[in-house]
Amino acid sequence: MSKQNVADMLISTLAKSGVKRIYSLIGDSLNPIGEAVRINGKIDWIPVRHEETAAFAAGAEAFLSGELCVCAGTAGPGSVHLVNGLYEANRNNVPLLAIVTTTPSPQQGLEYFQTFTPMRLFEDCSVFCELLSTPQQMPRLLQEAMQAALGSKGVAVIIIPKDISESEVEDSPYSRAVTAMPNVLQPAGDEVQKLADIINAHDKVTLFCGIGCRDAVDEVLSLSQTINAPVVSTMRAKYLLENNNPNSVGMTGYLSQFESKYALDNCDLLVLLGTDFPYNFMLPDRQVTVQVDIAAKHLGRRSRLDFGIAADVKATIDALLPLLKNKKEYDHLNKSLAYFEEKEKQKKQDVEDMAHTPQLNPQYLTHQLSRLADDNAVFVIDVGLNDIWAARYIEALGDRIIMGSFKHGTMAAAVPEAIGASYAEPERQIIVLAGDGGLTMLLGDLLTVVQQKRNIKIIVYNNRELGFIKKEAKMEKMQPYEIGFENPDFAKLADVMGLKVFYLDKPEDAEKVLRDALAYDGAVLINAVTNPDELG
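Okay, so let's go over this structure. (Residues numbered from 1 in each chain as written. Predicted model: local features only at pLDDT ≥ 70, side-chain atom pairs only at ≥ 80, totals over all residues. Heavy atoms only, no water.)

So, about empty space enclosed by the protein. Using the criterion set out here, one finds four cavities of 30 Å³ or more in the structure. Estimates place the volume of the largest cavity at around 120 Å³. Lining the largest cavity are 14 residues; nearest its centre among them are Phe63, Asn92, Met403, Gly404 and Phe406. Elements supplying a minimum of two residues to the lining of the largest cavity: helix H3 (51-65), helix H5 (83-91) and strand S16 (401-404). Considering only residue class, the lining of the largest cavity consists of eight nonpolar, three polar and three charged. Computed from the structure, the second largest cavity encloses a volume of approximately 60 Å³. Sorting the residues of the lining of the second largest cavity by element identifies helix H17 (414-424) and helix H18 (436-441) as the ones contributing at least two each. For the lining of the second largest cavity, the leading source of residues is H17, giving three residues. (1 Å grid on protein atoms, 1.4 Å probe; cavity = no way out; pocket = protein on both sides within 12 Å on 5 of 7 lines; lining within 4 Å. Points joined across faces, edges and corners; volume = space filled by probe spheres on them. Helix = DSSP H or I, 4+ residues; strand = E, 2+ residues; numbered from the N terminus. Nonpolar A, V, L, I, M, F, W, Y, C, P; charged D, E, K, R; others polar.)

As a volume, the second largest pocket reaches approximately 560 Å³. Phe340, Glu344, Lys347, Arg392 and Glu395 are the residues nearest the centre of the second largest pocket, which is lined by 27 residues in total. Of all the secondary structure elements, the ones that give two or more residues to the lining of the second largest pocket are strand S11 (248-251), helix H14 (331-353), helix H15 (362-372) and helix H16 (385-393). By residue number, the principal contributor to the lining of the second largest pocket is H14, which donates six residues. Grouping the amino acids of the lining of the second largest pocket by side-chain chemistry returns nine nonpolar, nine polar and nine charged.

Let us look at the state of the cysteines. In the structure shown here, the tally under the stated rule is zero disulfides. Free cysteine: cysteine 129, not disulfide-bonded; nearest cysteine sulfur from cysteine 125 at 7.6 Å. Residue class for cysteine 129 comes out buried when judged on its relative accessible area of 8%. (Disulfide = S-S within 2.5 Å. Buried < 20%, exposed > 50% of the residue type's maximum accessible area, 1.4 Å probe, protein only.)

All right, on to a negative patch on the surface then. A surface patch of negative charge is lined by Glu123, Asp124, Glu130 and Glu144. Among the secondary structure elements, glutamate 130 is positioned in strand S6 (residues 128-131). (Patch = residues over 30% accessible without salt bridge, like charges linked within 9 Å, V, L, I, M, F, W, Y side chains within 5 Å. Areas by Shrake-Rupley, 256 points an atom, 1.4 Å probe, with all protein chains shown as cover. Salt bridge = Lys/Arg side-chain N within 4 Å of Asp/Glu carboxyl O. Lys, Arg positive; Asp, Glu negative; His and termini not counted. Charge placed at Lys NZ, Arg CZ, Asp CG, Glu CD.)

We now examine helix H9 (residues 189-200). In this model H9 runs 16 Å from its N-terminal to its C-terminal C-alpha over twelve residues, within 8% of the 16 Å that 1.5 Å per residue would give. Looking only at H9, the buried set comprises Val192, Leu195, Ala196, Ile198, Ile199 and Asn200. (Expected span 1.5 Å × (residues − 1).)

Our next topic: the sheet that holds strand S14 (residues 307-310). With parallel pairing, six strands are arranged side by side in an open sheet as S11-S10-S9-S12-S13-S14. In the strand order of this sheet, the two ends are held by S11 and S14, each with one partner. Across the sheet, the mean angle from the axis of one strand to that of its neighbour is 15°, orientation sign disregarded. (Pairing = 2+ DSSP bridges. Axes fitted to C-alpha atoms, helices over the stretch in contact; angles between N-to-C directions.)

So, about the packing of aromatic side chains. Applying the stated criterion to the full structure yields seven aromatic pairs. Taken together through their ring pairs, the aromatic side chains of Phe208, Tyr254, Phe277, Tyr279 and Phe281 make up a single cluster. The ring of phenylalanine 63 carries arginine 214 above its face, with NZ or CZ at 4.1 Å from the centroid. The lysine or arginine in question, arginine 454, covers the ring of tyrosine 423, its NZ or CZ lying 3.8 Å from the ring centre. (Phe/Tyr/Trp six-rings, centres within 6.5 Å; stacked < 30°, edge-to-face > 60°. Lys NZ or Arg CZ within 6 Å of the ring centre and 35° of its normal.)

Okay, the sheet that holds strand S5 (residues 96-102) next. Sheets are built from strands that pair by backbone hydrogen bonding, the pairs being arranged parallel or antiparallel. If you walk across this open sheet you meet the six strands as S3-S2-S4-S5-S7-S6, and the pairing is parallel. Whereas interior strands pair on both sides, the edge strands pair on one side only; in this sheet they are strand S3 (44-47) and S6. The average undirected angle you get between the axes of adjacent strands in this sheet is 20°. Alignment of strand S4 (residues 69-73) against S5, held across five bridges, turns out to be parallel. Counted as the bridge partner of cysteine 69 is leucine 96 from S5. Across the sheet, H3 lies against strand S2 (21-24), S4 and S5, angled at about 170° from S4, the strand it touches most. Contacting S4, S5 and strand S7 (155-161), H5 runs over the sheet at an angle of about 145° to S7. (Contact = heavy atoms within 4.5 Å.)

Moving on, we get to the environment of arginine 302. Inspection of the secondary structure puts arginine 302 in the loop between strand S13 (288-293) and S14. Exposure remark for arginine 302: the relative accessible area of 26% places this residue in the partly exposed category. Taking C-alpha positions, arginine 302 is 7.0 Å from aspartate 276, a pair spaced 26 residues apart along the chain. Leave out the neighbours within four places in its chain, and arginine 302 touches Asp276, Phe277, Pro278, Asn280 and Leu283.

Moving on to the side chain of threonine 53. Of note, threonine 53 is situated in helix H3. Judged by its relative accessible area of 0%, threonine 53 falls in the buried class. What threonine 53 contacts, discounting residues up to four positions off in sequence, is Val48, Pro416, Ile419, Leu442 and Asp445.

Moving on, we come to the nonpolar core. Of all hydrophobic cores here, the largest spans 125 residues; its most connected members are Leu86, Leu207 and Leu273. Those residues in contact with leucine 207 that sit more than four places away from it in its chain are Val220, Leu223, Ser224, Ile227, Ala229, Pro230, Val231, Val232, Val271 and Leu273. In this structure, Ile11, Ile33, Phe128 and Val178 belong to the second largest nonpolar core, which totals 35 residues. (Core = buried A, V, L, I, M, F, W, Y, C linked by side-chain atoms within 4.5 Å.)

And the structure:
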């Protein structure tokens, strides 16, 4: 048998498995793996300025592609920096492999330079976390890690000491390509019949749908139309279920304007589909409630539960539709739509009034951005007030995608995730709604955007403060404390870094600036100075 070192086997197997790139910051214990990438020549190395960016970018690419994506970190601080992005990816249920390299095996446990205990750190943000103790483990451990990431839809961490990565290992039959294998959890027939009986017995049904409906959009719409049910969506499912859906009544929760209140409060049956919506106190508890979710642990943990099915949403609806009666009752649907449309009418009027205000209001800016962006744009949203503006004013037109840290809720993710999105969807417009606070956390990776020639449009909502924290304080009847920023001129800063820049502070200039920015072929940053008193 021919021999190679562990790093070579790692990279060869990843390349055979379809991995296209590794996001990382090279150095020290990672050098043997970087050298293997260089020699192999089939995987691109994407250098970033901060390892947190590497994890965010890989997670975003995995979210959009559904394929195994990879990030890597050096010993000690380099790998520690991955943690926040790995939490984000794991909570988003995306297949990501994190290569964590460590100090040489003989130095471990001796407080050597940059040593730490990676197993303790990474077990909580992964579905798989193992240490490669000997070279002979390599092919099987890597195979298990990749299968865990793809099969369990989460983060797999493989920990490799530097000396192990440089050690020779013989070719092995275990060193094979690993690719995603479709795995659909089918519902039991008697459970589907019981669900059908419950739905057939109720006249005022509301569907509340989450990201678990990602592969079941057509089926959800068919179900809605069969039983005349209004459709409420979570923020993560907004882009899936609001477009071309005549029964959509918007969202609920902090980001919404509670436009779905009538549909939720006045139904006699609430059907939860593929959602683990965390705010249980915002869901009604008087109505009969049924739930379909692929994860059994989700059933009943956020709401009342009268009946639940742990199965794939698409498979369940496919089996359910032939068992349902076509409902003739439209009253609940019509009243829910009327309530929603009244909210939309008021929102439209508010935006029109903002066209003539002395300051640039973020609502107006976001409305204009939505109006001018492509119908297949990918919007990447920073955490904070930008979530509110995106939820309310970005329309889910065409094949648009709206993504962000909607579950982990971390600031700073938007620009890094846009980097990953630009690799996953190179033909689409990639638009970032960045907060000034989030942008400055990983500001250095604007240089990655430039260096890697990413065609990303970044709109900085520069309100000079932590706006969402201000909103929270006011909701809790507290005095906002230490929320203000003394920001630089982001346009000048980005100009020095090599981005095309625009400055915007008046509503009458918004359309021209946005048109010019979106039309520019290359990376763009708009320093949009917005009204800090608008809190949503």
